[in-house]
Amino acid sequence: MVNEADVRLFADKCKAIFEQVGRDIIGQEDIVELTVIAMIAGGNVLLEGVPGIGKTRLIRSLGRVFSLPFSRIQFTPDLMPADITGTNVLEKDEKGNAVYTFRPGPIFSHIVLSDEINRATPKPQSALLEAMQEHTVTVDGKDYRMEEPFFVLATQNPVGSAGTQLLPPAQLDRFLLCLSMGYPDRESQVELMKERHHADPL
């Protein structure tokens, strides 16, 4: 039974998470809050926006704050499904016999950053579908279960940008939230410039 004390404790922890992430991400409070809410609900998140506005930094910051293992997949036109899920490799066992050993791909992590997901072709994009829905990956007919919790936090460039592909509806359906991340307001941009100046003095 959930009581008032539990609710207050949960609210305090959420507030602490927002504050910690807010130290890295300036001027995107709504995006930060919605992304954290989606993760608490166990859902995946797709962030859309032009390059250079902090999408990848936000996801890295969330991995640090939640203290969960983190991996990154950089989606490119030449990416193959096995680059995501992993593959079986032929090795020798202790007796010298040739055996196939599964080498897990970067999808086997608690927080997976799928960076610029719409720059890849549909085949590797679809390799994420089973993992995002079932938290399982099938390689050569054998199922491999993800460790929980498991989140896919993806970024995509605006549709129509050079080298982008439309995500299939089935994949979009796997995301609990699709958020549009824009430029921060004037005050936040000034604060960012001051922070960068102090971090990297000329």
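Residues numbered from 1 in each chain as written. Predicted model: local features only at pLDDT ≥ 70, side-chain atom pairs only at ≥ 80, totals over all residues. Heavy atoms only, no water.

## A closer look at unusual backbone geometry
Item 1. Cis geometry is adopted by the peptide bond preceding proline 149, which originates at glutamate 148 and carries an omega value of -5 degrees.
Item 2. When you line up the elements, proline 149 lands in the loop between β7 (142-145) and β8 (151-156).
Item 3. For histidine 135, which is not a glycine, the phi torsion comes out positive at approximately 55 degrees.
Item 4. With respect to the secondary-structure elements, histidine 135 resides in the loop between α5 (122-134) and β6 (136-139).
Item 5. We classify histidine 135 as buried; its relative accessible area is 15%.
Item 6. Of note, aspartate 140 is a non-glycine position whose phi angle comes to about 50 degrees, a positive value.
Item 7. As for its position among the elements, aspartate 140 is in the loop between β6 and β7. (Helix = DSSP H or I, 4+ residues; strand = E, 2+ residues; numbered from the N terminus. Buried < 20%, exposed > 50% of the residue type's maximum accessible area, 1.4 Å probe, protein only.)

## A few points about the pairing of β6
Item 1. Relative to β7, β6 runs antiparallel, the two being bridged by four bridges. Residue threonine 136 lies in a different strand from β7, and its bridge partner there is arginine 145.
Item 2. Between the end of β6 and the start of β7, which pair antiparallel, lie two residues, with aspartate 140 showing a positive phi angle near 50 degrees. (Pairing = 2+ DSSP bridges.)

## Quick word on the pattern of salt bridges
Item 1. Per the counting criterion, the structure on display carries four salt bridges.
Item 2. For arginine 8, the salt bridge identified is with glutamate 4, shortest N-O distance 2.9 Å. One end of the pair is arginine 8 and the other is glutamate 4, both in helix α1 (residues 4-24) and four residues apart, which spans about a single turn.
Item 3. Here glutamate 4 falls in the exposed class, since its relative accessible area comes to 53%.
Item 4. Two residues, glutamate 116 and arginine 119, come together in a salt bridge whose shortest N-O distance is 3.2 Å.
Item 5. Of the residues examined, glutamate 116 reaches a relative accessible area of 19% and is grouped as buried.
Item 6. The exposure class assigned to arginine 119 is partly exposed, which follows from its relative accessible area of 26%. (Salt bridge = Lys/Arg side-chain N within 4 Å of Asp/Glu carboxyl O.)

## Overview of the packing of aromatic side chains
Item 1. All told, the structure shown has two aromatic pairs when counted by the stated rule.
Item 2. Judged by centre distance (5.8 Å) and plane angle (75 degrees), the rings of phenylalanine 102 and phenylalanine 108 are edge-to-face.
Item 3. Note on phenylalanine 102: relative accessible area 16%, which makes it buried.
Item 4. Ring centres 3.9 Å apart and planes at 15 degrees place the aromatic pair phenylalanine 102 and tyrosine 144 in the stacked group. Here the residue phenylalanine 102 occupies a position in strand β4 (residues 98-104), and tyrosine 144 occupies one in strand β7, the gap between them amounting to 42 residues.
Item 5. Through pairs of rings, three or more aromatic residues link up here, namely Phe102, Phe108 and Tyr144. (Phe/Tyr/Trp six-rings, centres within 6.5 Å; stacked < 30°, edge-to-face > 60°.)

## Notes on the confidence of the model for the chain
Item 1. On average, residues of the chain score 82 in pLDDT, and 89% of them reach the 70 mark or higher.
Item 2. Within the chain, helix α7 (residues 186-199) has the poorest average pLDDT of any element, 59, and helix α4 (residues 82-85) the best, 91. (pLDDT = per-residue confidence, 0-100.)

## Notes on the nonpolar core
Item 1. Counting 23 residues, the largest nonpolar core has Phe75, Ile84, Ile107, Ile117, Leu128, Phe150 and Phe175 as its most contacted members.
Item 2. Among the secondary structure elements, those contributing two or more residues to this core are α5, β6 and β8.
Item 3. If you tally residues by element for this core, the top one is α5, at four residues.
Item 4. Apart from the residues lying within four places of it in its own chain, the contact partners of phenylalanine 150 are Asn44, Ile107, Ser109, His110, Val112, Ala131, Met132 and His135. (Core = buried A, V, L, I, M, F, W, Y, C linked by side-chain atoms within 4.5 Å. Contact = heavy atoms within 4.5 Å.)

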